[in-house]
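Notes for the structure review
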Amino acid sequence: MAAVDDAAAAFGLHVGQKAADAAALCPDLLTADHDPDGDRAALEVLGDWCVRFSPAVALDGLDGLFLDIEGVAHLWGGEGAMLDDLLARLARWGAPARGAIADTPGAAWALARFAPDRTIAPPGGQAPLLAALPVAALRLDDAAQAQLPRLGLFHVGQLLALPRGQLTRRFGAGTVLRIDQALGASREALAFRRPVTPWFDRLAFAEPISVLDDLGRAAGDITTLLCARLEAEGQGARRFELVFHRLDGRDYPVRIGLSRPGRDAARITRLLKPKLETVDPGFGIEVVTLWADDVEPLSVAQRSLGERSLETGGGVSLEEGLAPLVDRLVNRLGEDRVWRADPYESHVPERSVVRRPPLAPAVEASWDPERPRPTRLFRRPEPITVLAQLPDEPPAHFTWRGQRHRVRRAEGPERIGQEWWRKAFDGVGPGKIRDYYRVEDEAGGRFWIYRQGLYGGDDAPKWWLHGLFG
């Protein structure tokens, strides 16, 4: 038998058992012919569906899937929530499954099949969880898996305690490799199922290359090939991944992104070249591949007579003229460091600003000109000491970061309360009310300060500096 369900397992049936023996134990046993091709096709369909959780999905035999969820788990609120959502969807569709999360494919495979369901190994902490599992969790070959129990080695922890040389001599290099793959000491190559795309090119070299200048020329050559195809089809791409394949099988990917779809080979190559210094050619690079993502139609706009490129420079709009600069900044500093502040519908200052890509379409919302906000809003308000002539009047001077500022002009107050529907009942009240003032000191500096709380309450009000005007 190739597989049994939970009911059959309860009768003592197991995988590999003869059908006649199983029928003797359970006369009412229901069987179906094993269809490996059908199982493989169904698993491929399931793998393609799992792209909604991760763009990197690999098949594991006829009954398993590997998902690389690095950098995407936060979209579900964490790894645990993501795993729960995936397994819940499969269960609703009549495909019950087990899952686990670990740093390595080998550890995830072992935990999903032999540990409690939905086990999540902490970063670098898979070894203690693997130690208690049977040796079958290491995906050993049949000979080693049969020999180890006869020698009294039943658990992974017992193998980890043995010298590596002894393990290699007695059970072969494959056993040590599986241990290293599970613990992360050795890489394991997975064949990920990437959605079929024609926007892919490959260059193979007669002799391996390793000099940085040669890597740059190769990047320019393959970029020119792919961009020529994009231009012929009237397409542009926002993401490019250049991968250098070494002689020893290791891959070094280099990724860049564009704020707007593009196909200018020279511009894309200029963005790729600064990142080539991170590539370790080892004994040489034998193949280079380039993949374009987020491909969409790119219309050709009429430019000025002096314009030399269809995707750079400008005469059309300020955003298009800024695109090359934004792309350089994003690819050098990171997407999270280059952003634009846009208004968000909330009267609470911390919630009234959102970060968006620099060249994203403009939003309909706008700030109220009657209630100006500072150009720099602190992530956390900073405490200040204030002296005012009367309790409810603007401050006459205040001290911030050890420096005293004498107030020359002041506007306010603007009273802002908490969003009570987001808080518990005890978390709102007069003590949470803020009275904001726009003040200017004698040196011309403009500050946004507020008093939290009201005089006459249980707690004395406190003063804070929340932002700076330009």
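Let me sum up the structure you'll find in this document. In this convention, every chain numbers its residues from 1, walking through the sequence in written order. Side-chain atom pairs in this predicted model are given and counted only at pLDDT of 80 or more, local residue features only at pLDDT of at least 70, and totals for whole chains, interfaces and linings cover all residues. Each side-chain value is worked out from all heavy atoms of the structure, with water and hydrogens disregarded.

1. What about the packing of helix 11 (residues 212-232) against helix 12 (residues 265-272)?
All axes are obtained by fitting lines to C-alpha atoms, using only the stretch in contact for helices, and the reported angles, taken between N-to-C directions, cover 0 to 180 degrees. Helical segments are the DSSP runs of H or I of at least four residues, strand segments are the runs of E of at least two, and each set is numbered from the N terminus. Put simply, helix 11 and helix 12 touch, their axes get as near as 9 Å, and they point 140° apart. Taken together, the axes of helix 11 and helix 12 are oblique relative to one another. In the packing of helix 11 onto helix 12, the handedness of the crossing is right-handed. In contact with Ala219, Gly220, Thr223, Thr224 and Cys227 of helix 11, helix 12 contributes Ala265, Ile268, Thr269 and Leu272. A per-class count over the contact of helix 11 with helix 12 returns five nonpolar, four polar and no charged. We call two directions roughly parallel when the angle between them is under 35 degrees, roughly antiparallel when it is over 145, roughly perpendicular when it lies between 65 and 115, and oblique otherwise. Handedness of a crossing is defined here by the sense of rotation of the near helix relative to the far one, left-handed for an anticlockwise turn of less than a right angle and right-handed for a clockwise turn. Only heavy atoms enter the contact rule, under which two residues are in contact if any of them lie within 4.5 Å. Any residue outside Ala, Val, Leu, Ile, Met, Phe, Trp, Tyr, Cys, Pro, Asp, Glu, Lys and Arg is labelled polar, Gly included; the first ten of those are nonpolar and the last four are charged.

2. Things to note about the pairing of strand 14 (residues 434-441)
Counting buried residues in strand 14 gives eight out of eight residues, a clear majority hidden from the surface. Think of it in three bands: residues with accessible area under 20% of the maximum for their type are buried, residues over 50% are exposed, and the middle band is partly exposed, with areas taken using a 1.4 Å probe on protein chains only. Burial of the side chains of strand 14 extends over both faces: Arg434, Tyr436, Arg438 and Glu440 are buried on one face and Asp435, Tyr437, Val439 and Asp441 on the other. As defined by bridge partners, strand 13 (residues 403-416) adjoins strand 14 across seven bridges and the pair is classed as antiparallel. Residue pairing for strand 14: Ile416 is matched across the bridge by Arg434. Being paired, for any two strands, means DSSP has found at least two bridges between them. When strand 14 meets strand 15 (residues 446-452), the two strands line up antiparallel, connected through seven bridges. Opposite Arg438, over in strand 15, you have Trp448 as the bridge partner. Between strand 14 and strand 15, which pair antiparallel and follow one another directly, the connecting turn spans four residues, one of which, Gly444, has a positive phi of 95°.

3. Structural notes on the nonpolar core
Within this scheme, the nonpolar core is defined by two criteria: the residues are buried Ala, Val, Leu, Ile, Met, Phe, Trp, Tyr or Cys, and they are joined through side-chain atoms within 4.5 Å. In this structure, Phe240, Leu242 and Phe244 are the most contacted members of the largest nonpolar core, which totals 28 residues. Listing elements by their share of this core, those giving two or more residues are strand 5 (200-209), helix 11, strand 6 (235-246), strand 7 (251-262), helix 12 and strand 8 (285-297). Broken down by element, this core gets its largest block of residues, seven residues, from helix 11. Beyond its immediate chain neighbours, meaning those up to four positions away, Phe244 contacts Leu215, Arg250, Asp251, Tyr252, Val254, Leu276, Val279, Ile285, Val287 and Val288. Counting 23 residues, the second largest nonpolar core, distinct from the first, contains Ala112, Val135, Ala137 and Val156.

4. Points about the pattern of salt bridges
For this analysis, a salt bridge means a side-chain nitrogen from Lys or Arg found within 4 Å of a carboxyl oxygen belonging to Asp or Glu. Across all of its chains, the model carries 23 salt bridges by this definition. Between Asp85 and Arg89 there is a salt bridge, with the nearest N and O atoms lying 2.7 Å from each other. Of this pair, Asp85 and Arg89 both sit in helix 4 (residues 79-92), four residues apart, which is roughly one turn of the helix. Residue classification places Asp85 among the partly exposed positions, given a relative accessible area of 23%. Where Arg229 meets Asp201, a salt bridge forms, and the shortest distance between an N and an O atom there is 3.3 Å. Of this pair, Arg229 sits in helix 11 while Asp201 is found in strand 5, placing the two residues 28 residues apart along the sequence. Judged by relative accessible area, Arg229 falls into the partly exposed class, the value being 30%.

5. Topic: a nonpolar patch on the surface
Judged by side-chain polarity, Leu322, Leu325, Leu329 and Leu333 come together as a nonpolar surface patch covering roughly 320 Å² of accessible area. By the secondary structure assignment, Leu333 is in helix 13 (residues 318-333). Distance thresholds for patches are 9 Å for like charges and 5 Å for nonpolar side chains (Val, Leu, Ile, Met, Phe, Trp, Tyr), applied to residues having over 30% relative accessible area and no salt bridge. Working definition of accessibility: Shrake-Rupley area with a 1.4 Å probe, residue cover restricted to the visible protein chains.

6. Looking at the side chain of Thr269
Looking at the secondary structure, you find Thr269 in helix 12. Residues in contact with Thr269, not counting those within four places in the same chain, are Ala219, Gly220 and Thr223.

7. Observations concerning the sheet that holds strand 11 (residues 376-387)
The strand order around the closed barrel formed by six strands is 11-12-13-14-15-16, and the pairing between neighbours is antiparallel. Shown here is a sheet whose adjacent strand axes are inclined to one another by a mean of 45°, direction ignored. Sheet analysis places strand 11 next to strand 12 (residues 397-400), joined by three bridges and oriented antiparallel. The residue of strand 12 that forms the bridge with Thr385 is Thr399.

8. Some thoughts on the packing of helix 9 (residues 164-171) against helix 10 (residues 173-183)
Helix-helix packing: each pair is described by the crossing angle between the helix axes and the interaxial distance. Contact geometry for helix 9 and helix 10: axes closest at 6 Å, N-to-C directions at 130°. As judged from the angle between their axes, helix 9 and helix 10 are oblique. Counted together, Arg164, Leu167, Thr168 and Phe171 of helix 9 and Ala173, Thr175, Val176, Ile179 and Asp180 of helix 10 form the full contact between these two elements. Residues that form the contact of helix 9 with helix 10 fall into these classes: five nonpolar, two polar and two charged.

Nothing here speaks to function; it is all geometry.
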